[in-house]
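A look at the structure
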Amino acid sequence: MKEYILKSRLLTLLILLLSTAPLAAQNDDVIDDDDDSVADSSLIDSIAPDSLTLPWPQGLQHKLTKLLESDMFKTSQVGLMVYDLDADSCLFAHNERQLMRPASTMKMITAVTALDCLGGDYKFKTELCYTGTIENNTLEGGIYLVGGFDPRFNSDDLSAFVEGLRKMNVDTIRGRICADKNMKDDKSYGEGWCWDDDNPILSPLLISRKNNFVDRFHRALRDKGVVVEATLMEGRKPSDAYCIVDRFHTIDQILMRMMKESDNLYAEAMYYQIAASTGNRPASAKNARAVEKRLVQKLGLNPSRYRFADGSGLSLYNYVSAELEVKYLRYAFENDNIYNHLIQAMPVAGVDGTLKSRMRGAFTKGNVRAKTGTVTGVSALAGYCTAANGHRLAFSIINNGLMHVGNGRAFQDKVCTILCQP
């Protein structure tokens, strides 16, 4: 009798395994004839949807499949992937390789890339330097305001610049005051940004988010009694310049606002730090994309299959997939030096950031930590949660073609509730 039961269980397991074979075949036929640098086999790894884990109840897959029967998908699209990080296998996938606009979930990709190439100790720095001589309380030469694209630089930081000069007993400046914006190119906006959007200005020398740094500095000097007989201009800091003061903010300070509040300026500042890490001066968005593409290749995917345009997700030209976003989340999870910084910056469901008013239920509140994304026609959510069995999950949900983005948010919230509840 025991032998019969054992044979029956083995037969059932064999039937289950054979029934998943079409899934594998369905995903094997994605071929890129234009790029032979990455073998197709690298696209079909342990993240593939045919690796569904047996310990999970079939009810989870059934519930998610039922959600996809909603009438909203008669006129819109969704890419969805859920990955069990502890079991190292995919739980559910639907259109996971379909290219879609990610909106602000692009910030998660930017954050992981930045932490990977810059490290958690990186600082956004702005410098005050000078050349020339100081005699009789008069600085004869040049003052250089060196921008490092710090989006948090404010009036307090500017006051520290002025105080630095006053401590040197300088009460008169003759020569020039130069804005050194060599850190990045002169493009004020990103590729594919809508002209009627509330777009941030992409200058490496901002104060309180505005592009009037030199004028503010000039006014602050005069307010402190410093006589300024200098030409205000742009110019590059000479190699022999002396640094008087430098002000900085940490990468964690930038990440918190960038992720929690989905601040586009902060995301673009992060993007150009990635670009500048290549050593190019001035750095460009193209330099940042090169770093992103190298990481995508490291993740085992073909970078030519995706389109990266900016760091914030404002661009209409960004195209990624749910699979790619899950790959990024999985990579971060496996690297403490990335994950420990990323997870604390993620909005928390029902608690803070852009998720403060969402998913306040008993199973999701304080559990789901994810980056939201919203632009016209697009709603997305990518992040982490813990299931009732204690397994940690990574997920990406990208809704495109929405007439009402609220429908996308409602769908995402339902998916997360299913993942978190018993």
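Above this text is the structure in question.
Reference entry: report on the structure contained in this document. (Residues numbered from 1 in each chain as written. Predicted model: local features only at pLDDT ≥ 70, side-chain atom pairs only at ≥ 80, totals over all residues. Heavy atoms only, no water.)

Side note on the side chain of Ser-321
The line we're drawing: Put simply, DSSP marks the helices as runs of H or I at least four residues long and the strands as runs of E at least two long, and each gets a number from the N terminus on. Summary of the burial criterion: residues with accessible area below 20% of their type's maximum are buried, those above 50% are exposed, and those between are partly exposed, where the area comes from a 1.4 Å probe applied to protein chains only. The criterion used for residue contact is that any of the two residues' heavy atoms lie within 4.5 Å.
Of note, Ser-321 is situated in the loop between α9 (285-298) and α10 (322-333). Overall, the relative accessible area of 0% leaves Ser-321 in the buried class. Non-local contacts of Ser-321, meaning those with residues more than four positions away in its chain, are made with Glu-96, Arg-97, Gln-98, Tyr-306 and Ile-398.

Notes on the sheet that holds strand β5 (residues 172-180)
For clarity, the threshold we go by: Note on pairing: DSSP must find at least two bridges between two strands before they are called paired. Here an angle of 0 to 180 degrees is reported between the N-to-C directions of two axes, which are lines fitted to C-alpha atoms, with helices fitted over the stretch in contact.
With mixed pairing, the 5 strands of this open sheet are ordered in space as β6-β5-β4-β3-β7. Taken across any chain shown, the strands that pair with only one partner, and hence form the sheet edges, are β6 (227-234) and β7 (242-250). On average, each strand axis in the sheet is tilted by 15° relative to the strand beside it, whichever way the strands run. Relative to β5, strand β4 (residues 138-146) runs parallel, the two being bridged by 9 bridges. Across the sheet, Thr-138 pairs through a bridge with Thr-172, a residue of β5. Its contacts with the sheet put helix α5 (residues 155-167) on β3 (123-135), β4, β5 and β7, and the angle it makes with β7 is roughly 160°. Taken strand by strand, helix α7 (residues 251-260) contacts β3 and β7, and its axis lies near 45° from that of β7.

Brief notes about α10
Where we set the bar: To estimate how far a helix should extend, the number of its residues minus one is multiplied by 1.5 Å.
Its 12 residues place the ends of α10 16 Å apart at the C-alpha level, agreeing with the 16 Å of an ideal helix rising 1.5 Å per residue. With 12 of 12 residues buried, α10 lies mostly within the body of the structure. Taken residue by residue, α10 has Ala-322, Glu-323, Leu-324, Glu-325, Val-326, Lys-327, Tyr-328, Leu-329, Arg-330, Tyr-331, Ala-332 and Phe-333 as its buried positions. On its buried side, α10 packs onto β1 (77-84), α4 (106-118), α9, α11 (336-345), β9 (378-386) and β10 (392-400).

Re the side chain of Ser-379
To be explicit about the condition: N or O atoms within 3.5 Å of each other form a polar contact, as long as, within protein, one can give a hydrogen and the other can take it, and as long as residues adjacent in sequence are counted only when both atoms are side-chain atoms.
One can find Ser-379 in strand β9. Of the polar contacts made by the side chain of Ser-379, one reaches the side chain of Gln-412; its length is 3.0 Å. Residues in contact with Ser-379, not counting those within four places in the same chain, are Gly-373, Ile-397, Ile-398, Asn-399, Leu-402, Val-405, Gly-408, Arg-409 and Gln-412.

With respect to the packing of α4 against α11
Here is the rule: Any angle from 65 to 115 degrees is called roughly perpendicular, while one under 35 is roughly parallel, one over 145 is roughly antiparallel, and all others are oblique. Here a crossing is taken to be left-handed if its near helix is turned anticlockwise relative to the far helix by less than a right angle, and right-handed if that turn runs clockwise. In the scheme used here, Gly and all other residues not listed as nonpolar or charged are polar, with Ala, Val, Leu, Ile, Met, Phe, Trp, Tyr, Cys and Pro taken as nonpolar and Asp, Glu, Lys and Arg as charged.
Contact geometry for α4 and α11: axes closest at 9 Å, N-to-C directions at 140°. Taken together, α4 and α11 sit at an angle that is classed as oblique. Judged by the sense of rotation from one axis to the other, the crossing of α4 with α11 is right-handed. Facing Ala-111, Val-112, Leu-115 and Asp-116 of α4, the residues of α11 in contact are Ile-338, His-341 and Leu-342. Of the residues assigned to the contact of α4 with α11, the class counts are 5 nonpolar, 1 polar and 1 charged.

Concerning unusual backbone geometry
Look at the link from Arg-281 to Pro-282: it is a cis peptide, with omega at -5°. If you trace the backbone, Pro-282 turns up in the loop between α8 (264-276) and α9. A positive phi is found at Asp-88, a non-glycine position, where the angle reads about 55°. Summarising the element assignment, Asp-88 is placed in the loop between β1 and β2 (89-94). You will see that Phe-149, though not glycine, has its phi angle at about 55°, which is positive. Its location among the elements puts Phe-149 in the loop between β4 and α5.

Comments concerning the pattern of salt bridges
The condition that has to hold: In the sections that follow, a salt bridge refers to a side-chain nitrogen of Lys or Arg positioned within 4 Å of a carboxyl oxygen of Asp or Glu.
Under the counting rule described, the total for this entry stands at 18 salt bridges. A salt bridge links Asp-157 to Arg-247; its shortest N-O distance comes to 2.8 Å. Of the two residues, Asp-157 is situated in helix α5 and Arg-247 in strand β7; the sequence distance between them amounts to 90 residues. Owing to a relative accessible area of 28%, Arg-247 belongs among the partly exposed residues under this scheme. Between Asp-263 and Arg-209 there is a salt bridge; the shortest N-O distance is 2.8 Å. Of this pair, Asp-263 sits in the loop between α7 and α8 while Arg-209 sits in the loop between β5 and α6 (213-223), placing them 54 residues apart in sequence.

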